[in-house]
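Chain by chain, the residues:
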Amino acid sequence: MLEGFFVGWPDPPSEKTHLRMLRDSSRRVLAVDRKAGRVVGFITAVSDGVLSAYIPFLEVLPEYQGAGIGRELVRRMTGELNHLYMIDVCCDDDVVPFYERFGMHRTNGMILRNYSRQSGSEEK
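Residues numbered from 1 in each chain as written. Predicted model: local features only at pLDDT ≥ 70, side-chain atom pairs only at ≥ 80, totals over all residues. Heavy atoms only, no water.

*Asks:* Quick one: what's the story with the nonpolar core, residue by residue and with numbers?
*Replies:* The biggest cluster of nonpolar side chains holds 26 residues, and the ones touching the most others in it are Phe42, Ile43, Leu73 and Met77. Residue assignment for this core shows that the elements contributing at least two residues are α1 (15–24), β1 (27–33), β2 (38–47), β3 (52–60), α2 (69–81) and α3 (96–100). In contact with Met77, not counting residues within four places along its chain, are Arg27, Arg28, Val29, Ile43, Thr44, Ala45 and Ile55. (Core = buried A, V, L, I, M, F, W, Y, C linked by side-chain atoms within 4.5 Å. Buried < 20%, exposed > 50% of the residue type's maximum accessible area, 1.4 Å probe, protein only. Helix = DSSP H or I, 4+ residues; strand = E, 2+ residues; numbered from the N terminus. Contact = heavy atoms within 4.5 Å.)

In structure tokens:
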């Protein structure tokens, strides 16, 4: 049910790793096409449950994009997290307008990426 995600990633996570990522997230919301029997979108959050949460992943399969699925996933996740002081998202410039629709504001941020670990594989 988790095929086709992480489009454009040079070393995407396997379906097994993707499932583990979903299970180990503090919160997750899935969009499922029941007729096709597959997950078509998901969003995850990592949170301390007290003041803060970070949304690391929002993905919608390419063939389902433009149908409002991503918007609904964000709406549901921010609804689940609205009791917290801060909800942070780190995103590429081309999707900033998408997140601004939810009242989010552009800010400065710093990241560290270990691309040799991008797939989440434990073998590396």
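*Asks:* Which residues make up α2, and what are the values?
*Replies:* With 13 residues, α2 extends 18 Å between its outermost C-alpha atoms, agreeing within 8% with the 18 Å of an ideal straight helix rising 1.5 Å per residue. For α2, every residue scored as buried is listed here: Ile69, Gly70, Leu73, Val74, Met77, Thr78 and Leu81. Each buried residue of α2 lies within a common arc of 155 degrees when the element is viewed along its axis, so the set occupies one face. On its buried face, α2 is in contact with β1, β2, β3, β4 (86–89) and α3. (Expected span 1.5 Å × (residues − 1). Arc of directions from axis to C-beta.)

*Asks:* Outline the pattern of salt bridges, listing residues and values.
*Replies:* Within this structure, the stated rule accounts for 5 salt bridges. We note a salt bridge from Arg75 to Glu72, for which the minimum N-O separation is 2.5 Å. Of this pair, Arg75 and Glu72 are both found in helix α2, 3 residues apart, which corresponds to roughly one turn of the helix. Look at Glu72 and you get partly exposed, because its relative accessible area is 27%. Among the charged side chains, a salt-bridge network with shared partners connects Glu72, Arg75 and Arg76. (Salt bridge = Lys/Arg side-chain N within 4 Å of Asp/Glu carboxyl O.)

Scope: geometric values only; no functional claims are made or implied.
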